[in-house]
Amino acid sequence: MKFRYKVLFTNLILLSLGLGLVGYLMIHKNFELAKQTQLKNAIVQNNLVQSSVEYELLQLLNSVSDNSETSNNNTDNNNAEKSSISASSIATQLPQIGSRVSSGVRSRDSFFYIYFDGEKVYTDDKSDARISDTLFKNLTTGNKNYMIKEESQKHYIYVTSQSVIDEKNLWIVSKCDASEAYTLLDEQINYFRLIIIVILIAESAAMYFISRYMTKPLEKLNHVSEEIAQGDYATRVNVKSHDEIGLLAQKFNIMAQAVSDHVDELNDMVHRREQFVADFTHEIKTPMTSIIGYADTMRSLELPREEQMMALGYIFSEGKRLESMSQKLFELIYLRRHDIEKARVHMADLCAEVVKVVEPAYENRHLTIETEIEDTVLTVNRELLVTALVNLMDNARKASEEGQQVEVTGKIVDNMACNIRKDKTDIGEAESADDRKCMRAYEICIIDHGIGMTKEQAAKICDEFYMADKSRARKEGGAGIGMSLVAIILEHHNAVLSVESEPGCGTTMRILLPW
């Protein structure tokens, strides 16, 4: 079931329960009030009948008493006879008294019964309904009992009162129609049902559109998630609300972007691995082809001494290139999987060692090296940093023409150090302002004035087996792994390498080491 329907049905259930409870309480309260009103009217009616009957009896007793005083002497025997006559007169006169009272106080929907000494002596109710004995239990003078009884689809209130005449009980039972309260109850229930139906229909329509509007962003999220699941990682949720759903959409977009970046990284990793295998195969195949070709020629043909030496020279140089490639590959793999040890090193001595290593190769090309090194002590791995700088110096040599100069500088710089990211070395672009922090660093620059590179070439120089000028690199014995090794070494030193180059104008390799 969709979430909007859950919201709709939940609201309908809660609203129905709430309205039902409120309606029940209100209708029950109104019914009780109406019933109490009917009961008060019944009590008033009973009081009126009781007082009327008592008044008539009082008149009768007074009349009997006067007659007795005239015709009899005040003896004990006469008093006994008087009492007997009074009780007999009361039983005989009560029907007449009841009739007179009925004609005076009777209303259309009320009746009454007269009981004397436990016997019913009068009623004006034609139905002559049987009176429950419950009405007479625990009845005392001055108190009243009442009950509500349904008869012939009508409800009546019975009220009982008691008087004592000559030590005998006189009970007055009034019967009043209370159907009006129950009719009102039925009408209110029917009206409330109609109101409930109208309100629930209106509320259902309103809640449907409201829930649909409120859950529309969730549908967008669901749709986008399906597209992402199908491989469209560029899809994003366009939700502009500022509530929890809007926040969820923002987090979802951030998550989708992270997934997209991760997928791009994985794809790039797969591509780089495939490219690495292809380049590695190609780089091995080229010298192996040369070695096999020259070896087969020497094996199958009788060559002059000069040609033999030339073939052996090719075999030797290609073998050395394979050896250099395998050594650098081993170093590359090792550095990717292991940490390095560092020690405090004087940078002037380290740079002097680098110059000493590359100086013979520079002299063979008639290249000069200009150095300007400011000494300081840094915590580095001396051998690896020398390897990285030798590679950069060797690349500068390969890019330079005979007679040119390569400059090497080293100095402490203030407010120019980069915010180093251990998972990335910036190549091919200058440091942005966001990547700089107010801290000190040691800057090493290797500047040549050779053939230079484009920005696209500079951005790829740390890729395995990438060579900006393959013919020149292979001629110089390069394998395209040196810059990858440099990048990993600098990453271990938490350093940044930036490349500034322009075709025909030379290249500046700038290293920033944390100081």
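From a predicted model like this one, the values you see are computed outputs, not experimental measurements. (Residues numbered from 1 in each chain as written. Predicted model: local features only at pLDDT ≥ 70, side-chain atom pairs only at ≥ 80, totals over all residues. Heavy atoms only, no water.)

Teacher, can you tell me more about the environment of Met207 here?
For Met207, the location among the structural elements is in helix 3 (residues 179–229). Judged by its relative accessible area of 14%, Met207 is buried. Separated by 202 residues in the primary sequence, Met207 and Tyr5 place their C-alpha atoms 9.4 Å from one another. (Helix = DSSP H or I, 4+ residues; strand = E, 2+ residues; numbered from the N terminus. Buried < 20%, exposed > 50% of the residue type's maximum accessible area, 1.4 Å probe, protein only.)

When you look at the nonpolar core in this model, what are you seeing that I'm missing?
What tends to happen in soluble globular proteins is that the nonpolar side chains get buried as a cluster. By size, the foremost hydrophobic cluster in this structure holds 43 residues, and its most contacted members are Leu350, Leu389, Ile511 and Leu513. Those elements that provide at least two residues to this core are helix 6 (347–364), strand 8 (377–380), helix 7 (382–399), strand 9 (405–414), strand 12 (440–448), helix 10 (482–492), strand 13 (496–502) and strand 14 (506–514). If you tally residues by element for this core, the top one is helix 7, at nine residues. Discounting chain neighbours no more than four positions away, the residues touching Leu350 are Val345, Val380, Arg382, Leu385, Val386 and Leu389. Val49, Leu57, Ile97 and Phe116 belong to the second-largest nonpolar core, a separate cluster that totals 16 residues. (Core = buried A, V, L, I, M, F, W, Y, C linked by side-chain atoms within 4.5 Å. Contact = heavy atoms within 4.5 Å.)

I tried to follow a negative patch on the surface on my own but got confused; where do I start?
Together, Asp261, Asp264, Glu265 and Asp268 line one region of the surface with negative charge. Looking at where Glu265 falls in the secondary structure, it is placed in helix 4 (residues 244–300). (Patch = residues over 30% accessible without salt bridge, like charges linked within 9 Å, V, L, I, M, F, W, Y side chains within 5 Å. Areas by Shrake-Rupley, 256 points an atom, 1.4 Å probe, with all protein chains shown as cover. Salt bridge = Lys/Arg side-chain N within 4 Å of Asp/Glu carboxyl O. Lys, Arg positive; Asp, Glu negative; His and termini not counted. Charge placed at Lys NZ, Arg CZ, Asp CG, Glu CD.)

What am I meant to see in the pattern of salt bridges here?
Side chains bearing opposite charge may pair, as long as their charged atoms lie close to each other. Taken as a whole, this structure holds 12 salt bridges when the rule is applied. Here Glu353 and Arg382 are joined by a salt bridge, their closest N and O atoms 3.0 Å apart. Residue Glu353 is found in helix 6, and its partner Arg382 is found in helix 7; the two are separated by 29 residues along the sequence. What makes Arg382 partly exposed here is its relative accessible area of 28%. The salt bridge involving Lys398 is made with Asp394; its shortest N-O contact spans 3.3 Å. You can see Lys398 and its partner Asp394 sitting in helix 7, four residues apart, about one turn around the helix.

Would you mind going over helix 7 with me for this structure?
Within an α-helix, residues lying three or four positions from one another point in the same direction, as the helix has 3.6 residues per turn. Taking 1.5 Å of rise per residue, the 18 residues of helix 7 would be expected to cover 26 Å, and the 26 Å separating its terminal C-alpha atoms lies within 8% of that figure. Burial runs high along helix 7: 13 of the 18 residues are buried. Measuring from the side-chain oxygen of the N-cap residue of helix 7 to the backbone nitrogen of Glu383 gives 3.4 Å; that N-cap residue is Asn381. (Expected span 1.5 Å × (residues − 1). Polar contact = N/O pair within 3.5 Å; in protein donor to acceptor, adjacent residues only side chain to side chain.)

Just checking my understanding: could you explain a positive patch on the surface for this structure?
Where like charges cluster on the molecular surface, the positive patch consists of Lys2, Arg212, Lys216, Lys220 and Lys240. Mapped onto the elements of the fold, Lys220 is located in helix 3.

Whenever I open this one, the pairing of strand 5 (residues 168–177) confuses me. Can you help?
Each regular strand displays side chains that alternate between the two surfaces of the sheet. Among the 10 residues of strand 5, eight are classified as buried, and the element is accordingly described as predominantly covered. The pairing of strand 1 (residues 110–116) with strand 5 spans seven bridges and is antiparallel. Bridging across to strand 5, Tyr113 finds its partner in Val173. As defined by bridge partners, strand 4 (residues 154–165) adjoins strand 5 across 10 bridges and the pair is classed as antiparallel. Bridging across to strand 5, Tyr158 finds its partner in Lys175. Linking strand 4 to strand 5, which pair antiparallel, is a turn of two residues; within it Asp166 sits at a positive phi near 50°. (Pairing = 2+ DSSP bridges.)

I'm lost on unusual backbone geometry in this one. Help?
Among all residues except glycine, the phi angle is most often negative; among peptide bonds, the trans geometry is most common. Non-glycine residue Ser152 carries a positive phi angle of around 50°. Residue placement: Ser152 occurs in the loop between strand 3 (144–151) and strand 4.

It is not clear to me how the confidence of the model for the protein chain should be interpreted in this structure. Could you clarify?
Close inspection of predicted coordinates is inappropriate for parts of the model with low pLDDT. Residues with a pLDDT of 70 or more make up 83% of the protein chain, whose mean pLDDT is 80. Here strand 10 (residues 417–418) stands out as the element of the protein chain with the lowest mean pLDDT, 44, in contrast to strand 7 (residues 368–373), whose mean of 93 is the highest. Contacts of residues 73–85 to residues separated by more than four positions or lying in other chains number four contacts, the stretch itself having pLDDT below 50. Segment residues 416–438 is flagged for pLDDT under 50; beyond a separation of four residues in sequence, or across chains, it makes 52 contacts in the model. (pLDDT = per-residue confidence, 0-100.)

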